[in-house]
Amino acid sequence: MSFRSRSAAATVVAIAVIFGVYFWWSSAPGRTSGQVLGELILTIIVLTVVITAFEIVVAIVYRRRRGERMADERDALISAKSARNGYFALLAGVWYAPVMALTGAPSLAIANFTLGMIVVAEIVNFGSRVFYDLRGA
Amino acid sequence: MVGTAVTNTLRAHRFAKGEMTQQELADRVGLTRQTIIAIEQGRYAPSLEAAFRIARVFGVGVEAVFGYEEARGAKTAETSFRIRTRVKTTT
(Lines give C-alpha, C1' and ligand atoms only; values in the text may rest on other atoms or scores of the structure.)
Protein backbone atom coordinates (compact mmCIF):
# COMPACT_ATOMS: atom_id res chain seq x y z
CA MET A 1 0.00 0.00 0.00
CA SER A 2 1.37 3.44 -0.96
CA PHE A 3 1.98 6.38 1.34
CA ARG A 4 -1.13 8.11 0.04
CA SER A 5 -3.28 5.03 0.53
CA ARG A 6 -2.13 4.50 4.10
CA SER A 7 -2.68 8.15 4.82
CA ALA A 8 -6.20 8.04 3.31
CA ALA A 9 -7.08 4.84 5.20
CA ALA A 10 -5.91 6.42 8.48
CA THR A 11 -7.97 9.52 7.75
CA VAL A 12 -11.09 7.40 7.15
CA VAL A 13 -10.58 5.59 10.47
CA ALA A 14 -9.82 8.82 12.36
CA ILE A 15 -12.84 10.65 10.95
CA ALA A 16 -15.18 7.69 11.57
CA VAL A 17 -14.01 7.12 15.16
CA ILE A 18 -13.71 10.75 16.29
CA PHE A 19 -16.94 11.95 14.68
CA GLY A 20 -18.64 8.74 15.82
CA VAL A 21 -17.83 9.75 19.41
CA TYR A 22 -19.03 13.30 18.71
CA PHE A 23 -22.40 12.15 17.29
CA TRP A 24 -22.81 9.73 20.19
CA TRP A 25 -22.19 12.59 22.67
CA SER A 26 -24.38 15.10 20.89
CA SER A 27 -27.29 12.69 20.49
CA ALA A 28 -27.56 12.18 24.25
CA PRO A 29 -30.84 13.65 25.60
CA GLY A 30 -30.85 17.08 27.23
CA ARG A 31 -27.88 18.53 25.35
CA THR A 32 -27.89 22.29 24.83
CA SER A 33 -26.57 23.99 21.67
CA GLY A 34 -23.71 25.49 23.69
CA GLN A 35 -22.57 22.08 24.95
CA VAL A 36 -22.74 20.56 21.48
CA LEU A 37 -20.78 23.49 20.02
CA GLY A 38 -18.07 22.93 22.64
CA GLU A 39 -17.95 19.23 21.80
CA LEU A 40 -17.75 20.02 18.10
CA ILE A 41 -14.80 22.36 18.62
CA LEU A 42 -13.08 19.72 20.76
CA THR A 43 -13.75 17.07 18.07
CA ILE A 44 -12.22 19.24 15.33
CA ILE A 45 -9.13 19.95 17.47
CA VAL A 46 -8.64 16.25 18.29
CA LEU A 47 -9.16 15.25 14.65
CA THR A 48 -6.66 17.82 13.41
CA VAL A 49 -4.03 16.76 15.97
CA VAL A 50 -4.52 13.02 15.28
CA ILE A 51 -4.41 13.35 11.47
CA THR A 52 -1.44 15.74 11.51
CA ALA A 53 0.54 13.47 13.86
CA PHE A 54 -0.20 10.41 11.73
CA GLU A 55 0.68 12.19 8.47
CA ILE A 56 4.04 13.27 9.95
CA VAL A 57 4.86 9.74 11.14
CA VAL A 58 3.89 8.09 7.84
CA ALA A 59 5.74 10.74 5.78
CA ILE A 60 8.95 10.28 7.80
CA VAL A 61 8.78 6.47 7.65
CA TYR A 62 8.08 6.41 3.91
CA ARG A 63 10.77 8.94 3.03
CA ARG A 64 13.36 6.97 4.95
CA ARG A 65 12.30 3.64 3.51
CA ARG A 66 12.34 4.70 -0.16
CA GLY A 67 12.71 8.08 -1.74
CA GLU A 68 9.17 7.87 -3.07
CA ARG A 69 7.91 10.79 -5.08
CA MET A 70 4.96 12.41 -3.41
CA ALA A 71 2.51 12.46 -6.34
CA ASP A 72 2.26 11.68 -10.02
CA GLU A 73 -0.42 11.51 -12.74
CA ARG A 74 -2.07 8.42 -11.22
CA ASP A 75 -2.34 10.10 -7.82
CA ALA A 76 -3.88 13.16 -9.47
CA LEU A 77 -6.44 10.95 -11.27
CA ILE A 78 -7.29 9.04 -8.08
CA SER A 79 -7.62 12.30 -6.19
CA ALA A 80 -9.97 13.78 -8.83
CA LYS A 81 -12.18 10.67 -9.02
CA SER A 82 -12.38 10.40 -5.24
CA ALA A 83 -13.26 14.08 -4.83
CA ARG A 84 -16.04 13.58 -7.39
CA ASN A 85 -17.43 10.59 -5.41
CA GLY A 86 -17.30 12.62 -2.19
CA TYR A 87 -19.08 15.51 -3.91
CA PHE A 88 -21.89 13.22 -5.10
CA ALA A 89 -22.30 11.84 -1.56
CA LEU A 90 -22.42 15.37 -0.15
CA LEU A 91 -24.87 16.53 -2.78
CA ALA A 92 -27.19 13.57 -2.21
CA GLY A 93 -27.38 14.25 1.52
CA VAL A 94 -27.32 18.02 1.70
CA TRP A 95 -30.57 18.31 -0.28
CA TYR A 96 -32.34 16.89 2.75
CA ALA A 97 -31.24 19.76 5.07
CA PRO A 98 -33.72 22.35 3.65
CA VAL A 99 -36.47 19.73 3.85
CA MET A 100 -35.68 19.25 7.55
CA ALA A 101 -35.71 23.03 8.10
CA LEU A 102 -39.06 23.43 6.35
CA THR A 103 -40.63 20.61 8.35
CA GLY A 104 -39.69 22.39 11.60
CA ALA A 105 -36.83 20.16 12.78
CA PRO A 106 -34.74 21.61 15.66
CA SER A 107 -31.73 23.67 14.52
CA LEU A 108 -29.35 21.34 16.38
CA ALA A 109 -30.69 18.34 14.43
CA ILE A 110 -30.28 20.18 11.12
CA ALA A 111 -26.75 21.26 12.04
CA ASN A 112 -25.78 17.73 13.06
CA PHE A 113 -27.38 16.23 9.97
CA THR A 114 -25.46 18.61 7.68
CA LEU A 115 -22.25 17.90 9.58
CA GLY A 116 -22.98 14.18 9.26
CA MET A 117 -23.29 14.55 5.49
CA ILE A 118 -19.93 16.34 5.35
CA VAL A 119 -18.38 13.52 7.40
CA VAL A 120 -19.92 10.88 5.11
CA ALA A 121 -18.66 12.78 2.03
CA GLU A 122 -15.14 12.89 3.49
CA ILE A 123 -15.26 9.16 4.29
CA VAL A 124 -16.41 8.45 0.71
CA ASN A 125 -13.64 10.71 -0.64
CA PHE A 126 -10.79 9.13 1.35
CA GLY A 127 -12.28 5.62 1.12
CA SER A 128 -12.40 6.00 -2.68
CA ARG A 129 -8.71 6.87 -2.69
CA VAL A 130 -7.88 3.61 -0.97
CA PHE A 131 -10.22 1.68 -3.28
CA TYR A 132 -8.80 3.16 -6.50
CA ASP A 133 -5.24 2.73 -5.29
CA LEU A 134 -5.76 -0.96 -4.55
CA ARG A 135 -8.17 -1.91 -7.33
CA GLY A 136 -7.17 0.41 -10.15
CA ALA A 137 -8.06 3.91 -11.28
CA MET B 1 -9.98 -6.52 -10.05
CA VAL B 2 -10.85 -3.41 -12.07
CA GLY B 3 -8.53 -3.69 -15.06
CA THR B 4 -7.67 -1.75 -18.16
CA ALA B 5 -7.82 -2.72 -21.82
CA VAL B 6 -4.25 -1.48 -22.24
CA THR B 7 -1.79 -4.37 -21.99
CA ASN B 8 1.97 -4.07 -21.60
CA THR B 9 5.27 -5.91 -21.60
CA LEU B 10 6.91 -3.65 -19.06
CA ARG B 11 8.26 -6.44 -16.91
CA ALA B 12 9.87 -8.22 -19.87
CA HIS B 13 11.46 -4.97 -21.06
CA ARG B 14 12.79 -4.21 -17.58
CA PHE B 15 14.47 -7.59 -17.37
CA ALA B 16 15.81 -7.26 -20.90
CA LYS B 17 17.30 -3.93 -19.84
CA GLY B 18 19.65 -5.47 -17.26
CA GLU B 19 16.98 -6.26 -14.67
CA MET B 20 16.07 -2.63 -14.17
CA THR B 21 14.17 -2.15 -10.90
CA GLN B 22 10.70 -0.66 -10.74
CA GLN B 23 12.08 2.22 -8.69
CA GLU B 24 14.77 2.95 -11.29
CA LEU B 25 12.21 3.00 -14.08
CA ALA B 26 9.90 5.16 -11.97
CA ASP B 27 12.70 7.68 -11.35
CA ARG B 28 13.62 7.82 -15.02
CA VAL B 29 10.08 8.47 -16.26
CA GLY B 30 8.94 10.69 -13.37
CA LEU B 31 6.33 8.37 -11.89
CA THR B 32 6.04 6.66 -8.50
CA ARG B 33 7.01 3.02 -8.01
CA GLN B 34 3.38 2.34 -7.06
CA THR B 35 2.29 3.59 -10.47
CA ILE B 36 4.82 1.36 -12.25
CA ILE B 37 3.49 -1.60 -10.22
CA ALA B 38 -0.10 -0.66 -11.13
CA ILE B 39 0.81 -0.41 -14.84
CA GLU B 40 2.59 -3.78 -14.79
CA GLN B 41 -0.39 -5.42 -13.09
CA GLY B 42 -2.80 -3.89 -15.61
CA ARG B 43 -4.57 -1.79 -12.98
CA TYR B 44 -3.68 1.54 -14.58
CA ALA B 45 -3.35 2.77 -18.15
CA PRO B 46 -0.67 5.47 -18.26
CA SER B 47 -1.16 8.76 -20.07
CA LEU B 48 0.12 8.93 -23.63
CA GLU B 49 3.00 11.12 -22.48
CA ALA B 50 4.05 8.66 -19.76
CA ALA B 51 3.75 5.76 -22.23
CA PHE B 52 6.12 7.56 -24.62
CA ARG B 53 8.57 8.27 -21.81
CA ILE B 54 8.54 4.60 -20.73
CA ALA B 55 9.09 3.42 -24.31
CA ARG B 56 11.98 5.89 -24.73
CA VAL B 57 13.71 4.43 -21.65
CA PHE B 58 13.67 1.01 -23.30
CA GLY B 59 14.71 2.47 -26.65
CA VAL B 60 11.65 1.13 -28.48
CA GLY B 61 8.37 2.45 -29.86
CA VAL B 62 5.21 2.73 -27.74
CA GLU B 63 3.56 -0.24 -29.48
CA ALA B 64 6.46 -2.49 -28.54
CA VAL B 65 5.64 -1.90 -24.87
CA PHE B 66 1.90 -1.23 -24.88
CA GLY B 67 -0.95 -3.03 -26.61
CA TYR B 68 -4.72 -2.83 -26.69
CA GLU B 69 -7.06 -5.71 -25.82
CA GLU B 70 -9.84 -5.27 -28.38
CA ALA B 71 -12.53 -7.35 -26.63
CA ARG B 72 -12.05 -5.72 -23.25
CA GLY B 73 -11.79 -2.24 -24.75
CA ALA B 74 -15.01 -2.73 -26.72
CA LYS B 75 -16.78 -3.89 -23.55
CA THR B 76 -15.56 -0.84 -21.60
CA ALA B 77 -16.59 1.49 -24.43
CA GLU B 78 -20.03 -0.16 -24.58
CA THR B 79 -20.50 0.22 -20.81
CA SER B 80 -19.52 3.90 -20.82
CA PHE B 81 -21.78 4.49 -23.87
CA ARG B 82 -24.71 2.90 -21.98
CA ILE B 83 -24.01 5.05 -18.91
CA ARG B 84 -23.78 8.23 -21.02
CA THR B 85 -27.03 7.35 -22.82
CA ARG B 86 -28.77 6.65 -19.51
CA VAL B 87 -27.57 9.97 -18.06
CA LYS B 88 -28.80 11.83 -21.16
CA THR B 89 -32.23 10.22 -21.08
CA THR B 90 -32.73 10.91 -17.36
CA THR B 91 -31.68 14.59 -17.57
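Quick notes on the rules
Each chain has its residues counted from 1, following the order in which its sequence is written. Chains carry letters and ligands carry numbers; both start at the beginning, A for chains and 1 for ligands, and go up in the order they are written. A pLDDT threshold of at least 70 governs which residues receive local features in this predicted model, and a stricter bar of 80 or more applies before side-chain atom pairs are shown or counted, although totals over entire chains, interfaces and linings include all residues. With hydrogens and water set aside, each side-chain value is computed from the structure's full complement of heavy atoms. Only buried Ala, Val, Leu, Ile, Met, Phe, Trp, Tyr and Cys residues count toward a nonpolar core, and they belong to the same one when joined by side-chain atoms within 4.5 Å. Each residue's exposure class comes from its accessible area (1.4 Å probe, protein chains only) as a fraction of the maximum for that residue type: buried when under 20%, exposed when over 50%, partly exposed otherwise. Going along the chain from the N terminus, every DSSP run of H or I of four or more residues is numbered as a helix, and every run of E of two or more is numbered as a strand. Contact definition: two residues touch when any of their heavy atoms are within 4.5 Å. Note that patches include only residues with greater than 30% relative accessible area and no salt bridge, and the join distances are 9 Å for like charges and 5 Å for nonpolar side chains (Val, Leu, Ile, Met, Phe, Trp, Tyr). Only the protein chains shown count as cover for residues, and all accessible areas are computed by the Shrake-Rupley method using a 1.4 Å probe. Definition used for salt bridges: Asp or Glu carboxyl oxygen within 4 Å of a side-chain nitrogen of Lys or Arg. The term buried area means the drop in 1.4 Å probe accessible area that two parts suffer when joined, counted for both and summed. Two N or O atoms form a polar contact when they lie within 3.5 Å of each other; inside protein one atom must be a possible hydrogen donor and the other a possible acceptor, and for residues adjacent in sequence the pair counts only when both atoms belong to side chains. In this classification, the charged set is Asp, Glu, Lys and Arg, the nonpolar set is Ala, Val, Leu, Ile, Met, Phe, Trp, Tyr, Cys and Pro, and all remaining amino acids, among them Gly, are polar.

(A) Structural view of the nonpolar core. Counting 19 residues, the largest nonpolar core has Leu-10, Leu-25, Ile-54, Phe-58 and Phe-66 of chain B as its most contacted members. Of all the secondary structure elements, the ones that give two or more residues to this core are helix H2 (22-29), helix H3 (33-40), helix H4 (48-58) and helix H5 (62-65) of chain B. The biggest single contributor to this core is H4 of chain B, with six residues. Once residues lying within four places of it in the same chain are set aside, the contact partners of Leu-10 of chain B are Leu-25, Ile-36, Ile-39, Glu-40, Ile-54, Phe-58, Val-65 and Phe-66 of chain B. Among the nonpolar cores identified, the runner-up in size contains 14 residues, and Phe-19, Leu-40, Leu-47 and Leu-115 of chain A belong to it.

(B) Representation of a nonpolar patch on the surface. A surface patch of nonpolar side chains, about 380 Å² in accessible area, is lined by Leu-37, Ile-41, Ile-45 and Val-49 of chain A. Structurally, Leu-37 of chain A can be placed in helix H2 (residues 33-65).

(C) View of the interface of chain B and chain A. With 16 residues of chain B at the interface, the matching set in chain A holds 14 residues. Each partner contributes to the roughly 1400 Å² buried at the junction of chain B and chain A, and carbon and sulfur atoms together form 45% of this total. The three residues of chain B that bury the most area against chain A are Gln-34, Arg-43 and Tyr-44 of chain B, which together make up 39% of that side's buried surface. Along the contact surface separating chain B from chain A lie zero salt bridges. At the boundary of chain B and chain A, one finds six residue pairs in polar contact (both at pLDDT 80 or more). In terms of residues, the side of chain B that touches chain A owes the most to one element, H3 of chain B, which gives four residues. When grouped by side-chain class, the residues that make up the side of chain B that touches chain A number seven nonpolar, six polar and three charged.

(D) Geometry of the pattern of salt bridges. Residue and element names in this part refer to chain B. As enumerated under the stated definition, the model contains five salt bridges over all chains in all. Note that Glu-49 is salt-bridged to Arg-53, the shortest N-O span being 3.0 Å. Residue Glu-49 and its partner Arg-53 are both found in helix H4; the two are separated by four residues, about one turn of the helix. What makes Glu-49 exposed here is its relative accessible area of 57%. Owing to a relative accessible area of 29%, Arg-53 belongs among the partly exposed residues under this scheme.

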